[in-house]
Number of protein chains: 2
Amino acid sequence: MLTRVKSAVANFMGGMMAGSSNSEPLRGSDLPLKYPYTRPEFLGLSPDEIECSADHIARPILILKETKRLPWATGYAEVINAGKSHLNEDQACCEVVVVVRRRPSDGGNSTPKRPPTTRRRSSLPNGEGLGLRENADVEPGLTFHYWGLFDGHAGSGAAVVASKLLHHHIIEHLQEVLDVLRNPALLAPIIQGEEPTNYHLTPTTHRGITRAASLRGAAGAPGSPSHPPPTRFFTEKKIHHESMVIGAMENAFKEMDAQIERDKAVFNVSGGCTALCALFLLGKLYVGNAGDSRAIIIRGGEVIPMSTEFTPESERQRLQFLAYMQPHLLGGEFTHLEFPRRVQRKEVGKRMLYRDFTMSGWAYKTIEDDDLKFPLIYGEGKKARVLATIGVTRGLGDHELKVHDSNIYIKPFLSCCPEVKVYPLTQYEHGVDDVLVMGTDGLWDVLSNQEVAEAVTGFLANCGPDDQRRYTMAAQDLVMRARGVLKDRGWRIANERLGSGDDISVYIIPLSMMTMFLDVQS
Amino acid sequence: MLTRVKSAVANFMGGMMAGSSNSEPLRGSDLPLKYPYTRPEFLGLSPDEIECSADHIARPILILKETKRLPWATGYAEVINAGKSHLNEDQACCEVVVVVRRRPSDGGNSTPKRPPTTRRRSSLPNGEGLGLRENADVEPGLTFHYWGLFDGHAGSGAAVVASKLLHHHIIEHLQEVLDVLRNPALLAPIIQGEEPTNYHLTPTTHRGITRAASLRGAAGAPGSPSHPPPTRFFTEKKIHHESMVIGAMENAFKEMDAQIERDKAVFNVSGGCTALCALFLLGKLYVGNAGDSRAIIIRGGEVIPMSTEFTPESERQRLQFLAYMQPHLLGGEFTHLEFPRRVQRKEVGKRMLYRDFTMSGWAYKTIEDDDLKFPLIYGEGKKARVLATIGVTRGLGDHELKVHDSNIYIKPFLSCCPEVKVYPLTQYEHGVDDVLVMGTDGLWDVLSNQEVAEAVTGFLANCGPDDQRRYTMAAQDLVMRARGVLKDRGWRIANERLGSGDDISVYIIPLSMMTMFLDVQS
């Protein structure tokens, strides 16, 4: 994301960026790339076009040439940064997938060994093949639509790998619950292979303090084989299908991250990335987010947030709690306490404001020597950093990232776990101007939710409802509004505000088409 | 809260409950009581009346005899449980306090050693003394109004102590920021003693990855005294007064809990308690909550939640994360994973649904021997328990609480830290029927927010606006609606639903009077 990483990026761009100076050796940079640097497949760019897109002066906005490349005329547009990294470190992916039952030979293991690319699925770049399966003799599959955005930092490697593979991990995990999902009338069976059914709670004691006499004798636990099952504790929770899709997405992010770590042993997979993805499955829209990209729904001109950003500020208490519990992770150089600014040596013994992990307010404490250490979280807003290094606290990759000139790893403080929000699409009516907007932080840094909603709603109102290019043009308009135009004093947007100098990538996905897709299917 | 604790409670009731059977020795039960068991001071009950109130068959509803005992005709009503403990383990406290500057001899220490009872303050049981100080020659103080509710479990000791002392700890912490709070036009000074001022951020780098070259040279940190302060990192945060009141409340809860732990060495302070308190200070209403009591504002008949409940379900991920980080806290007997029900030995090798601390959804895992351990969090809704023992996850006390027949302490999983919500009272107009309702879980277990709002709004509409007893009568009505009437099949409320068999305590606090108080002051 920043100038520091230019040299690292140049290393794996091969000839394209040859001649870059300031080469700083990176661990793993001598290894081969897992995937060459590229732009999203659905853009269909030639190598020449990819090279032209990386013009930091002109900053051309790239859009889809053929709207049919993405389902339901989804709009997409992107632009490269204004020079903070040689390459556009954003990546994107869009797929229509039919999940079919895993073949018997696949076994029931939770960590499939077979490379995901050999899985039986249909992943078509255009919307015409919806619902088709590669092989007509298999049982009916489960179709889902997938859109992913990945914002890389300290190199493009992790973002490229995640854009190629995250949806495969989602497929793996959905396969495990496929039978359950195909029978939406029933609750999920707690044990796989059982007939799904409704479970009822047996009466237990009132909340408060409970005698746990049956604890060690319970349910055939070790050490007490002779005890009968304690029916008092024998309750079963109702698990709904939605929770199993959420669980599949959560575990897919975790495995994607684990795979990047494994891949780094044999490939050059540089840096890390945020990940924001939307899944349309069985009439519901699931948005999973790990990082500081953002998704909103615009319905009737109103904004419905579909993600929250994970930053040093929003995750302060989680990070401080972890550091408090595992102080060795701070390498003796940082303090888990937060102060409003760096403490000066001359202030030892005076009283200064601070916050601990339990606090959302501030209080005074007497400054001690330990408080002179650098704070775990430092800076405000977009400038806030964890361990003085990184401004985003969830995502994939970054396994090798350390505090500059130290042996303190950042990764333990980063989480690869997404927050998944669910939108019950079928519960609402949607017009042609109702959309899901997904954008990397380059968009949201300069435009508020409300500004985006007004821009999109205003733009679409001026397009014919059947115009196949309306969402692509709206995406282009949005990227233009966030990038601005180059003037004497840099990139400027409306009201002479500074435009975004960051990579910007935007999807605009029509919700009315999802409803129509369901109507056609049923 | 439950039958198990009856015997413990009887131990410190002295003669009142003499003759109780089933006496189970409790650590500390031979020590003297710090405070004798009592009902809230403002009820002004005689010992005989206290004994009569503990009738589990009649369950008389206690109300204020004189409305002037509480500020602004605050309504209060309570009722004992239906037999789950000998005593009413709820406690309540209401005070009007004038905080004055600590005398120079008090020093600037953050943990005042002087017993809080000697502090210079005015704590009047009636509303007539508002703003008065004990000594007219001191500088102007800061008045705040305070209402507290404490729901005890496994004994009344902690609830009694907290009801007597929590506000004193709040006073201590407000004294530390008194100078700042008295000058609302200015931001808080970061260093105590400095002139408050506006600080501005110095420009730093863009968010993302940052070079932390200046890390160890920064701000005169140890090991690099010769480095100049790195202005790039030298930013200061703006801290508002509201945050300092929140911080004072947060730290007051922490010190109240620490004091209970210390007191247990010399006194019999049994059990633990939840704590819910409201503070009206400088035109804002602060509600701090640690436990499963609840506060709501009813404004124009609409509900504004002012607290969230902390239970094994709502705090699942925090608890699982802690157990994952510090597995020794589980004593080898529990697993931090959540399952929909107990795992059976015969299910080892099969696949079962589970949730880890990173997940809000569910997924399948292959059952291993370790999964036969009892789950850290077990049961659903009101029956959910941490370590098979307790159904509430924040509060004060419980330091000695262990899993039955084991050496596993519960306390590390409990938090004494409140969540503090702020209501900017002066930003709204309030009518005489707009109120803050605070209630222990006995109320909310059987009545929803909406039902409470309808009951209170309906009741107050039928009272004269100047009737001094309107809030007390409304509180009585609410407790009656939650307790119900004793029928053949137990306590029944509207629509033949089960009434609450728990202790129930309710405050109804008029918001319009707070606005009037401000008008009078200014």
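Residues numbered from 1 in each chain as written. Chains lettered and ligands numbered in written order. Predicted model: local features only at pLDDT ≥ 70, side-chain atom pairs only at ≥ 80, totals over all residues. Heavy atoms only, no water.

A closer look at the overall build of chain A
Secondary structure summary: chain A contains ten helices and 21 strands in total. Counting every position in chain A, which comprises 522 residues, the buried fraction comes to 59%. Taking contacts inside chain A between residues at least 6 apart in sequence as the whole, the part at least 24 apart equals 71%. Taken as a whole, chain A presents about 19,900 Å² of accessible surface, with 53% of it coming from carbon and sulfur. (Helix = DSSP H or I, 4+ residues; strand = E, 2+ residues; numbered from the N terminus. Buried < 20%, exposed > 50% of the residue type's maximum accessible area, 1.4 Å probe, protein only. Contact = heavy atoms within 4.5 Å. Areas by Shrake-Rupley, 256 points an atom, 1.4 Å probe, with all protein chains shown as cover.)

Topic: the confidence of the model for chain A
A low pLDDT means the predicted coordinates there should not be read in detail. Residue and element names in this part refer to chain A. Mean pLDDT over chain A works out to 83, with 79% of the residues at or above the 70 mark. Note on residues 1-26: pLDDT is under 50 here. Beyond four places in sequence and across chains, it has 57 contacts. Ignoring residues within four places in sequence, the model shows residues 198-208, a span with pLDDT below 50, making 42 contacts including any to other chains. Here the complex is predicted with pTM 0.85, and the ipTM for its interfaces comes to 0.84. (pLDDT = per-residue confidence, 0-100.)

Things to note about the sheet that holds strand E2 (residues 75-79) of chain A
Residues and elements named next belong to chain A. Ordered in space as E1-E2-E21-E18-E8-E9, the six strands form an open sheet in which the pairing is antiparallel. A strand with exactly one partner marks an edge of an open sheet, and here the two such strands are strand E1 (62-63) and strand E9 (302-305). Looking at chain direction, strand E8 (residues 294-299) and E9 are connected through four bridges and run antiparallel. When the sheet's bridge partners are listed, isoleucine 297 is paired in E9 with isoleucine 304. In this fold helix H8 (residues 449-461) packs onto E8, E9, strand E18 (435-439) and strand E21 (504-510), with an angle of close to 50° to the strand it touches most, E8. (Pairing = 2+ DSSP bridges. Axes fitted to C-alpha atoms, helices over the stretch in contact; angles between N-to-C directions.)

Focus: the pairing of E8(A)
Residues and elements named next belong to chain A. The element E8 is extensively covered by neighbouring structure, given that five of its six residues are classed as buried. Examined bridge by bridge, E8 and E18 share five bridges and lie antiparallel to one another. Across the sheet, the residue bridging to isoleucine 298 is valine 435, located in E18.

A few points about unusual backbone geometry
Within the chain, Asn495(A) stands out as a residue other than glycine whose phi angle is a positive 60°. Mapping Asn495(A) onto the fold places it in the loop between strand E20 (490-492) and E21. Assessed through its relative accessible area of 71%, Asn495(A) is described here as exposed. Located in the positive-phi region is Trp72(B), a residue other than glycine, with phi close to 55°. Note on Trp72(B): relative accessible area 9%, which makes it buried.

Focus: the nonpolar core
Ranked by size, the top nonpolar core spans 48 residues in total, and within it Leu376(A), Leu387(A), Phe413(A), Leu376(B), Leu387(B) and Phe413(B) carry the most contacts. Sequence-distant contacts of Phe413(A), defined by excluding residues within four places in its chain, comprise Arg318(A), Leu319(A), Leu322(A), Ala323(A), Leu329(A), Leu330(A), Leu376(A), Val386(A), Leu387(A) and Thr393(A). Residues Ala159(A), Leu181(A), Val245(A) and Leu396(A) belong to the second largest nonpolar core, which totals 46 residues. (Core = buried A, V, L, I, M, F, W, Y, C linked by side-chain atoms within 4.5 Å.)

Details of the side chain of Arg316(A)
Mapping Arg316(A) onto the fold places it in helix H6 (residues 316-325). Judged by relative accessible area, Arg316(A) falls into the buried class, the value being 6%.

Re the pattern of salt bridges
On inspection of all chains with the given rule, the structure shows 56 salt bridges over all chains. We note a salt bridge from Asp441(A) to Lys382(A), for which the minimum N-O separation is 3.3 Å. Note that Asp441(A) is positioned in helix H7 (residues 441-444) and Lys382(A) in the loop between strand E14 (377-378) and strand E15 (385-386), a separation of 59 residues in sequence. A salt bridge links Glu242(B) to Lys284(B), with the shortest nitrogen-to-oxygen separation between them at 2.7 Å. (Salt bridge = Lys/Arg side-chain N within 4 Å of Asp/Glu carboxyl O.)

A short note on the pairing of strand E5 (residues 142-153) of chain B
Residue and element names in this part refer to chain B. A large share of E5 lies buried, amounting to twelve of its twelve residues. Side-chain alternation along E5 places Leu142, Phe144, Tyr146, Gly148, Phe150 and Gly152 on one buried face and Thr143, His145, Trp147, Leu149, Asp151 and His153 on a second face that is also buried. As judged from the ten bridges shared by strand E3 (residues 90-99) and E5, these two strands associate in the antiparallel manner. Its bridge partner being in E5, alanine 92 is matched across the sheet by leucine 149.

Topic: the packing of helix H3 (residues 157-176) of chain A against helix H5 (residues 241-263) of chain A
Residue and element names in this part refer to chain A. Interaxial distance between H3 and H5 falls to 8 Å at its minimum, and their mutual angle equals 135°. On the basis of their axis angle, the class for H3 and H5 is oblique. Relative to H5, H3 is oriented so that their crossing is right-handed. Within the contact between the two elements, H3 uses Ala158, Val161, Ala162, Leu165, Leu166, His169, Ile170, His173 and Leu174 and H5 uses Val245, Ala248, Asn251, Ala252, Phe253, Glu255, Met256, Gln259, Ile260 and Asp263. When the residues that make up the contact of H3 with H5 are grouped by side-chain class, the tally is 13 nonpolar, four polar and two charged. (Parallel < 35°, antiparallel > 145°, perpendicular 65-115°, else oblique. Left-handed = near helix turned anticlockwise from the far one by under 90°. Nonpolar A, V, L, I, M, F, W, Y, C, P; charged D, E, K, R; others polar.)

Looking at the state of the cysteines
Residues and elements named next belong to chain B. One pass over the full model with this rule turns up zero disulfides over all chains. Cysteine 416 provides the cysteine sulfur closest to cysteine 273, a residue in no disulfide bond, and the two sulfurs are 11 Å apart. For cysteine 273, a relative accessible area of 1% translates into the label buried. (Disulfide = S-S within 2.5 Å.)

Details of the environment of Leu443(A)
All names here are of chain A. Note that leucine 443 resides in helix H7. When the C-alpha atoms of leucine 443 and proline 60 are compared, they prove to be 15 Å apart, with 383 residues separating the residues in sequence. Beyond its immediate chain neighbours, meaning those up to four positions away, leucine 443 contacts Val452, Leu478, Ala482, Ile504 and Val506.

Quick notes on the sheet that holds strand E21 (residues 504-510) of chain B
Taken together, six strands build an open sheet; the order of strands is E1-E2-E21-E18-E8-E9 (chain B) and the sheet is antiparallel. The open sheet has two free edges, formed respectively by strand E1 (62-63) and strand E9 (302-305) of chain B, since each of these has just one partner strand.

Here we look at the packing of aromatic side chains
Applying the stated criterion to the full structure yields 25 aromatic pairs over all chains. Pairing Trp72(B) with Phe280(B) gives two aromatic rings, centres 5.8 Å apart and planes at 75°, and the pair type is edge-to-face. Highlighted residues: Trp72(B) in the loop between E1 and strand E2 (75-79) and Phe280(B) in strand E6 (residues 272-281), separated in sequence by 208 residues. Put simply, the rings of Phe321(A), Tyr324(A), Phe357(A), Phe321(B), Tyr324(B) and Phe357(B) pair up and form one aromatic cluster. Directly above the ring of Phe310(A) sits Arg394(A), whose terminal nitrogen or CZ lies 3.9 Å from the centroid. (Phe/Tyr/Trp six-rings, centres within 6.5 Å; stacked < 30°, edge-to-face > 60°. Lys NZ or Arg CZ within 6 Å of the ring centre and 35° of its normal.)

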